[in-house]
Amino acid sequence: MLTANVCSVDDLRGLDNNTESIIVESNCFNEGEITSLNLSRFASLKSFIVGDYSFGNMSNLVIYGLPELESIKIGINSFNDYGNELSVKNCTNLREMKIGPSAFQLWSRVVIESVPSLEVIEIGYLYYNSANFLSTPLELKSTNPRRQ
């Protein structure tokens, strides 16, 4: 598996399009050097993991059309400044999406669409003040109900 650990814009730019796992270390991308991230070029991506306290100045995160993506994990207090949209669309193998406490707390929009394999959405931690999506409505829709 082609795995990459990143903590700078140069690290991101240097990634091979066939990268299968992107791991963003904790306390990275907080200087405003990047405000929008689109992962669509990584057609082979299977997992996207963000450590704690990263992407503090991000305004858009787009995860679109990644047929191999299985897992998204976002750490505590990441993507925590005012943001516009988290968009996860057309990821047919996405099975789990886990978002740590206080991540995306001031973002205005969340779109999760066309993810028919999604089994787990975990937001925050049980018995922990999470503060995720403080003023963002969350609506889940499905046009492909599971048959038993």
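You'll find the structure just up there.
Residues numbered from 1 in each chain as written. Predicted model: local features only at pLDDT ≥ 70, side-chain atom pairs only at ≥ 80, totals over all residues. Heavy atoms only, no water.

Considerations on the sheet that holds strand E7 (residues 83-89)
Phase 1 of the analysis: Taken in spatial order, the four strands of this open sheet run E3-E5-E7-E9, and their pairing is parallel. With partners counted over all chains shown, the strands left at the sheet margins are strand E3 (36-38) and strand E9 (107-113), one partner each. Sheet twist, expressed as the mean angle between neighbouring strand axes with direction ignored, is 5°.
Phase 2 of the analysis: Here three bridges tie E3 to strand E5 (residues 60-64), and the two strands are oriented parallel to one another. Bridged to serine 36 within E5 is asparagine 60. (Pairing = 2+ DSSP bridges. Helix = DSSP H or I, 4+ residues; strand = E, 2+ residues; numbered from the N terminus. Axes fitted to C-alpha atoms, helices over the stretch in contact; angles between N-to-C directions.)

Let's talk about a nonpolar patch on the surface
Phase 1 of the analysis: A surface patch of nonpolar side chains, about 230 Å² in accessible area, is lined by Ile121, Ile123 and Leu138.
Phase 2 of the analysis: Secondary-structure assignment places isoleucine 123 in strand E10 (residues 120-123).
Phase 3 of the analysis: With relative accessibility at 34%, the residue isoleucine 123 sits in the partly exposed group. (Patch = residues over 30% accessible without salt bridge, like charges linked within 9 Å, V, L, I, M, F, W, Y side chains within 5 Å. Areas by Shrake-Rupley, 256 points an atom, 1.4 Å probe, with all protein chains shown as cover. Salt bridge = Lys/Arg side-chain N within 4 Å of Asp/Glu carboxyl O. Buried < 20%, exposed > 50% of the residue type's maximum accessible area, 1.4 Å probe, protein only.)

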